[in-house]
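Each chain, letter by letter, is given below.
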Amino acid sequence: MARILPATDVVVIGLGWTGSILAHEMCEAGLRVVAIERGPWRDTATDFPTTYAQDELRYHIRHDLFLRPAQETVTMRNNTSQNALPMRTWGSFMPPNGVGGGGVHWNGQTWRFLPSDFRLRSHLTERYGAKAIPEDMTIQDWGVTYEELEPHYDRFEYLCGTSGKAGNLAGKTQPGGNPFEGARSREYPTPPQQQPYAPTLFAKAALEAGCHPFPQPSSNLSQPYTNTLGMKLGPCTYCGFCEWFGCGNYSKASPQTTVLPSLVRKLNFEARTQCEVIRINKDASGKQATGVTYVDTAGEEWEQPADLVILCAFQMFNVRLLLESGIGKPYDPATNEGVIGRNFSYQTTSGVDAFFENKNFNPFVASGAVGMIIDDYNGDNFDHSGLGFVGGGYMGAGMTNGRPIEGLRTPPGTPAWGADWKRAVTDNYPSSYGFAAHGSCYSYRGNAMDLDPTYIDRFGRKLLRMTFDFHDNELKMSQYLTDRLAEIVQKMGPKQVVKHPRTGPYNSSVYQTTHLCGGAVMGTDPKTSALNRYLQSWDVSNLFVMGATAFPQNAGYNPTNTVGALAYWAAQAIRTQYLKNPGPLVPV
Amino acid sequence: MALKRRELLSSTIAAVFAVTTAACATTVTGALPWTASAADPPKPVTPGGWLYFTPEEAGVVEVFVDHLIPPDPKTPGARDAGVAVYIDRQLAGPYGSSAGLYMRPPFADGSPQQGAQSALTPAARYRVALAALDQHCRQRFAGKSYRDIPADQQVDLIRQMEKGSLVLANANARAFFEVILKNTQEGFFADPIYGGNRDMVGWKMIGFPGAIYDYRDWVGRHNERYPNPPVGIGGSTI
Ligand SMILES: Cc1cc2nc3c(=O)[nH]c(=O)nc-3n(C[C@H](O)[C@H](O)[C@H](O)COP(=O)(O)OP(=O)(O)OC[C@H]3O[C@@H](n4cnc5c(N)ncnc54)[C@H](O)[C@@H]3O)c2cc1C
């Protein structure tokens, strides 16, 4: 039996990116907030100091900062005819753990989605007719527009201090920025990062190809910055240990560098770490949450009553906790009914490797989000008539790292070991380069999440099961993007270009991205969405669910800027509407 | 109001969350939970004899990894880079026992897309495969161990393992090949504190400067080779 703790106003589940933002916003509204986090507290000085943070084996190969699968994992199958099996070690994505969540070890690529992305089904139907959308593709409009989210994108970027160049200021195209982006109300907080050699060459080639290169928006800062909460960030030093690593320089925006020092000083805030929430509790009507139950490291169960529950546990754990708590109707792909587990999507990445002569890229002089990018082939920025697919992605030359265990590129035909391998690795390390395309992934009837019938966690609870595969639309898109990227790379004069379009089936053992989306999506119809436009549960009105869980499908960008914007958008709705009159913000 | 509540909570919770080490549930409020020198630096490998391998196993591994990354006039091979020591220490530690991985049954063979599903830990995989390889060699090469057969035969066996054409009793030769190749490259390129990459030979070979934390001066120096020698977490030489 759980022991019952004194009630609080708000309980926040998970203290990562969205949990930190929501906890801060709720404290500012004068509420008492308890945040419950499964992993340990993490701080720059103690957990990723510059004296040893640059350890590829520990942090990348052995996953030191991530959740241990022994604590919780998921099972995976490509389609419903297969038996799902557990991911015994992480592969295609890396579930975060601990205070700061994915913000600790993200790359800082900080993108806004396109205005058309938020009304995808309507937009595509208007431009190409309903027939352009495959029958089993379950894409939806979000129920919120880009224009509504713009002030909240702005807030997240100014929290992070994001470095970039605007391409569209209040409708006026700006030279040097992304001409395809939605209108911004003002410039980025800091100017773009300085570009290394390969991105500079790529930008030149892209211009020659008639495209519109611009610096990737980066939350690894180009210069010192004091954010909107008074936190001071330093300039990025291009150490090349960004994604998978914590930043020792206070130059990558994370909850640690942008929110937590302000949050912990608030007397109405309390965090409990190493405590795993196992359930959201409901009252007898099933329509109100009464708080959460969690387990501490001694295996002791506690019940934390609260008036308002904010679920911020990352996409997959949000979905699992909703299923486990019996909130919302579980999705059934056979009937296409139900909402929890519906519209699960991912990211369709691909790459082009190029091998050069007489070039030295110093690949280790790198930063998580530095790079030159084109957006000409993203979303609906190009005419899809006759192409046989919808969607797109950004592409270009990032410069994330030159770490040798991970990043050794050899030309095709090179043996995997022996003297020839050794020579090829040595010759190509400074002069080869990996270019990337970052494609959208739309949602389908067959791609879904539910609870696994066989495999359990350490408490005997069913694991989450994911059923996912890439569909023809995404594979065609990936081929198209990869071909366009290779054409530009060819202009840079390499001796050899190797294309790696995404191919099926989806492979869960090879890292792609941690951009898991959907499963409890936002929308305007409770039959096809779990959350209303304010990320409030249709079923339990004192429950709000943050994160990419709410994306009805994924666009051709990294998710976190949109996740952050939605968090501020929801926080504003809670502060200005919900607290005055608790109940559904949208009538059912 | 908030303060009073905090007192209340500390009285209810302190009793249970008394031990506030990193491994235990902890309550944080009012200030960042800092303790002086609370960092968790990596532990350099202990010098001395083999911790996991038997001397016989270690001898085979040294020969095997030296074929995977052979010496050349400029750069030592995996053996002299300490790769067998690296693997030995890894197998004796959490990696070797699959600590932290999901190891609950049932174990079933899945599709390649579902990832590794074996119940064998890396340490057990080495033990079983090395024993099977030894048995195979002694049968085929008149009682000789892998380390005592001619080098071209040693290489040929590795090729067969890579292709999946070598059948070993009680061991999956191809799976063993994959794991030892991966571990060999790790050992050749990981920070020297883990026992391999001795004198940073792997990093010097490709020109990776290691644990440098500030390259700002170098971002704009296009197409110019970075000239400084590598540095490890443990310092400039190990
Ligand atoms: C390696 C990597 C690189 C990335 N790079 C980028 C990038 O460049 N650009 C980009 O846009 N995005 C990137 N991302 C994604 C980004 O990290 C996430 O979008 C973001 O962190 C999501 O915020 P969140 O609040 O939803 O979840 P998180 O920040 O992950 O926070 C969730 C928190 O909840 C905790 N939690 C989970 N379950 C429970 C439970 N049951 N009880 C208590 N606590 C729980 C977790 O421990 C975690 O701390 C990257 C992710 C990874 C892993």
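Computed from a predicted structure; not experimentally measured.

### A word on the overall build of chain B
For chain B, the count of helices and strands is seven helices and one strand. Walking chain B from its N terminus toward its C terminus, one meets helices and strands in the order α-β-α-α-α-α-α-α. Within chain B, buried positions represent 37% of all 238 residues. The long-range fraction of contacts in chain B, counting pairs at least 24 apart against all pairs at least 6 apart in sequence, stands at 57%.

### A closer look at the overall build of chain A
Helix and strand content of chain A: 12 helices and 24 strands. Computed over the C-alpha atoms, the radius of gyration of chain A is 23 Å, within 12% of the 25 Å expected from 2.2 N^0.38 for a compact globule of 588 residues. Seen through its principal axes, chain A has C-alpha atoms that stretch 70 × 55 × 50 Å. By residue count, 63% of the 588 residues in chain A fall in the buried class. Contacts in chain A between residues far apart in sequence, at least 24 positions, make up 74% of those at least 6 positions apart.

### Observations concerning the sheet that holds strand β20 (residues 448–456) of chain A
All names here are of chain A. Across the sheet, four strands lie side by side as β5-β4-β21-β20; this open sheet has mixed pairing. Because the sheet does not close on itself, it has two edges, and the strands there are β5 (85–86) and β20. As judged from the four bridges shared by strand β4 (residues 74–77) and strand β21 (residues 462–467), these two strands associate in the parallel manner. Residue pairing across strands places M76 opposite M466, the latter belonging to β21.

### Details of the confidence of the model for chain B
Residues and elements named next belong to chain B. The predicted model of chain B averages 89 in pLDDT, with 89% of residues at 70 or higher. Across residues 1–22, where pLDDT falls below 50, the model places 23 contacts with residues more than four positions away in sequence or in other chains. Reported confidences for the modelled complex are a pTM of 0.96 and an ipTM of 0.96.

### Looking at the interface of chain A and chain B
The interface of chain A with chain B comprises 78 residues on the first partner and 73 residues on the second. For the side of chain A that touches chain B, the secondary structure elements donating two or more residues are α3 (56–61), β5, α6 (197–208), α8 (260–264), β11 (269–273), α10 (419–428) and β20 of chain A. If one sorts the elements of the side of chain A that touches chain B by residue count, β11 of chain A sits on top with five residues. Its residues assigned to classes, the side of chain A that touches chain B comprises 39 nonpolar, 25 polar and 14 charged. Of the pairings in the sheet, the one linking β11 of chain A to strand β1 (residues 26–28) of chain B comprises three bridges and is antiparallel in character. Bridging across to β1 of chain B, R272 of chain A finds its partner in T27 of chain B.

### Some thoughts on the packing of helix α3 (residues 83–92) of chain B against helix α6 (residues 173–189) of chain B
Residue and element names in this part refer to chain B. Closest axis-to-axis distance for the α3/α6 pair is 9 Å, and the angle between their directions is 110°. In terms of orientation, α3 and α6 fall into the roughly perpendicular class. Relative to α6, the crossing made by α3 is right-handed. Every residue of α6 that contacts α3 at V83, Y86, I87 and Q90 is listed here: N183, T184, G187 and F188.

### Focus: the site of the ligand
Residues and elements named next belong to chain A. As a structural note, the neighbourhood of the ligand is formed by 40 residues, with G14, G16, G101, G102 and T560 the closest of them. Within the residue set of the shell around the ligand, elements represented by two or more residues are α1 (17–28), β12 (276–282) and α12 (560–578). Among the elements that take part in the shell around the ligand, α1 stands out by supplying three residues, more than any other. Looking at the shell around the ligand residue by residue, the classes come out as 18 nonpolar, 18 polar and four charged.

### Overview of the pairing of strand β18 (residues 393–398) of chain A
Residue and element names in this part refer to chain A. With six of six residues buried, β18 is to be regarded as a mostly interior element. Here strand β17 (residues 371–374) pairs with β18 via four bridges, running antiparallel. Considered in β18, the bridge of M372 is made with A397. The pairing of β18 with strand β19 (residues 432–439) spans four bridges and is classified as antiparallel. The residue of β19 that forms the bridge with M395 is A437.

### Points about the environment of F435 of chain A
Residue and element names in this part refer to chain A. Mapped onto the secondary structure, F435 falls in strand β19. Classification of F435 by C-beta neighbours within 10 Å gives buried; the count is 26. Distance in space between the C-alpha atoms of F435 and V352 is 5.1 Å, their sequence separation being 83 residues. When near neighbours in sequence (up to four residues on either side) are disregarded, F435 contacts G351, V352, A354, G396, A397, L485 and V489.

### Brief notes about the pairing of strand β13 (residues 289–295) of chain A
Residues and elements named next belong to chain A. The element β13 is extensively covered by neighbouring structure, given that five of its seven residues are classed as buried. What sits between the antiparallel neighbours β12 and β13 is a turn of six residues, in which G286 has the positive phi angle 80°. Sheet analysis places β13 next to strand β14 (residues 301–311), joined by five bridges and oriented antiparallel. Its bridge partner lying in β14, Y294 is registered against W302. Between β13 and β14, which pair antiparallel and follow one another directly, the connecting turn spans five residues, one of which, G299, has a positive phi of 85°.

### Quick notes on the sheet that holds strand β22 (residues 496–500) of chain A
All names here are of chain A. The six strands are arranged β8-β17-β18-β19-β16-β22 in an open sheet whose pairing can be described as antiparallel. With partners counted over all chains shown, the strands left at the sheet margins are β8 (214–215) and β22, one partner each. When strand β16 (residues 348–355) meets β22, the two strands line up antiparallel, connected through five bridges. Residue V352 lies in a different strand from β22, and its bridge partner there is K499. The sheet strands contacting helix α11 (residues 472–490) are β16, β18, β19 and β22, and the helix crosses β16 at an angle near 25°.

### Considerations on α6 of chain A
Residues and elements named next belong to chain A. With 12 residues, α6 should reach 16 Å at 1.5 Å per residue; the first-to-last C-alpha distance of 17 Å fits that figure. Residues of α6 that are buried sit in contact with β17, β18, β19 and α11. Positive backbone phi, approximately 85°, marks G210, located one or two places after α6.

### With respect to the packing of helix α5 (residues 151–163) of chain B against α6 of chain B
Residues and elements named next belong to chain B. Two numbers describe how α5 lies on α6: the axes approach to 7 Å, and their chain directions differ by 105°. By the criterion of interaxial angle, the relationship of α5 to α6 is roughly perpendicular. Taken together, the residues of α6 that come into contact with α5 (itself represented by I158, M161 and E162) are A173, R174, F176 and F177. In terms of residue class, the contact of α5 with α6 is made up of five nonpolar, no polar and two charged.

### As for α10 of chain A
Here α10 of chain A has its buried residues at K422, V425 and N428 of chain A. Within α10 of chain A, the buried residues cover an arc of 150° as seen down the axis, which keeps them to one side. On its buried face, α10 of chain A is in contact with β16 and β19 of chain A together with α7 (201–206) of chain B.

### Quick word on the environment of Q135 of chain B
Examined against the element boundaries, Q135 of chain B turns out to sit in helix α4 (residues 122–140). For the pair Q135 of chain B and V231 of chain B, spaced 96 residues apart in sequence, the C-alpha to C-alpha distance is 43 Å.

### A closer look at unusual backbone geometry
Cis geometry marks the peptide bond from G504 of chain A to P505 of chain A; its omega dihedral reads -15°. Checked against the element boundaries, P505 of chain A lands in the loop between β22 and β23 (517–519). Looking along the chain, the bond that leaves P105 of chain B and enters P106 of chain B is cis, with omega of 0°. Position of P106 of chain B among the secondary structure elements: in the loop between α3 and α4. Of note in this structure, W244 of chain A is not a glycine but carries a positive phi near 85°. Along the chain, W244 of chain A falls in the loop between β10 (232–233) and α7 (255–258).

Procedures and definitions
Residues numbered from 1 in each chain as written. Chains lettered and ligands numbered in written order. Predicted model: local features only at pLDDT ≥ 70, side-chain atom pairs only at ≥ 80, totals over all residues. Helix = DSSP H or I, 4+ residues; strand = E, 2+ residues; numbered from the N terminus. Buried ≥ 20, exposed ≤ 12 C-beta atoms within 10 Å, placed from the backbone. Contact = placed C-beta atoms within 7 Å. Rg over C-alpha atoms; globule rule 2.2 N^0.38 Å. Pairing = 2+ DSSP bridges. pLDDT = per-residue confidence, 0-100. Nonpolar A, V, L, I, M, F, W, Y, C, P; charged D, E, K, R; others polar. Axes fitted to C-alpha atoms, helices over the stretch in contact; angles between N-to-C directions. Parallel < 35°, antiparallel > 145°, perpendicular 65-115°, else oblique. Left-handed = near helix turned anticlockwise from the far one by under 90°. Near = placed C-beta within 6 Å. Expected span 1.5 Å × (residues − 1). Arc of directions from axis to C-beta.

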